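# Commentary on secondary and tertiary structure
Letter by letter, the chains look like this.
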Amino acid sequence: MVRRNDQRRAALVDAAIEVLAREGARGLTFRAVDGEAAVPPGTASNYFSSRDDLLTQAGARVYERLQPDKATIGRQRSAGRDRETYTELMRELVGRVASFRTGYLALLELRLEATRRPDLRTVLTERVRADLAANIAYHETSGLPGDATAVRLLYLALNWLIVEQLTLPDVLSEAERDALVTAAVERIVSGA
């Protein structure tokens, strides 16, 4: 029987994210999650029906935690509609995602694991498609410059920039990262 204490479940999923980021998918066990969450042994197995269930919920939780807060969304909606504003939005996005280092590293682990687990691949594919569609829809209604292709290209370029920053942080400085975000927006949006 799967337990329903939502706060405990969220703490266990957050612990799973930390374990994934630190030890990889092979290190993700119920015992490791229990230890990370500082709960009695066997707790995680009472909340998740299987390891696959835990992996899937960890992936969903990462995306949930990566969403901007209401204040950020409000600021974005009231900002200008030019390339400079777009650049600032993209810098904020890269900074927000990069600041949740363990979440993004856990997501990379989940993506690798999805190559071996069709159910996880299905869940992640649906989530990424929905996220990308939401970004395109927001962009199209926002009045920002560029088109859907520009959004997709920025998504791909900035995701790799984030991977670079999180896995090899000494390759590019923060100033170089910001300059690359600016260049990506300028070149991709002006070509749209």
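Above this text sits the structure in question.
This text gives an overview of the structure that appears in the document.

Rules used in this analysis
Residues numbered from 1 in each chain as written. Predicted model: local features only at pLDDT ≥ 70, side-chain atom pairs only at ≥ 80, totals over all residues. Heavy atoms only, no water. Helix = DSSP H or I, 4+ residues; strand = E, 2+ residues; numbered from the N terminus. Buried < 20%, exposed > 50% of the residue type's maximum accessible area, 1.4 Å probe, protein only. 1 Å grid on protein atoms, 1.4 Å probe; cavity = no way out; pocket = protein on both sides within 12 Å on 5 of 7 lines; lining within 4 Å. Points joined across faces, edges and corners; volume = space filled by probe spheres on them. Nonpolar A, V, L, I, M, F, W, Y, C, P; charged D, E, K, R; others polar.

Most peptide bonds adopt trans geometry, and most residues besides glycine take a negative phi value. For A38, which is not glycine, the phi torsion reads 55° and is therefore positive. By the element assignment, A38 lies in the loop between α2 (30-37) and α3 (43-47). Look at A38 and you get exposed, because its relative accessible area is 70%.

Here we come to the layout of surface pockets. Here the largest pocket is characterised by a volume of approximately 810 Å³. If you go around the largest pocket, you meet 29 residues; those closest to its centre are P68, L93, R96, D131 and N135. Of all elements in the fold, only α4 (51-66), α5 (70-78), α6 (83-99), α7 (101-114), α8 (118-142) and α9 (148-167) reach the threshold of two or more residues within the lining of the largest pocket. The class makeup of the residues in the lining of the largest pocket is 20 nonpolar, 5 polar and 4 charged. Taken as a whole, the second largest pocket spans an internal volume of roughly 170 Å³. The wall of the second largest pocket is formed by R111, A114, R121, L124, T125, V128, R129, L132 and Y155. Mapped by element, the contributors of at least two residues to the lining of the second largest pocket are α7 and α8. Residue contributions to the lining of the second largest pocket peak at 6 residues, all from α8. Looking at side-chain class alone, the lining of the second largest pocket contains 5 nonpolar, 1 polar and 3 charged residues.

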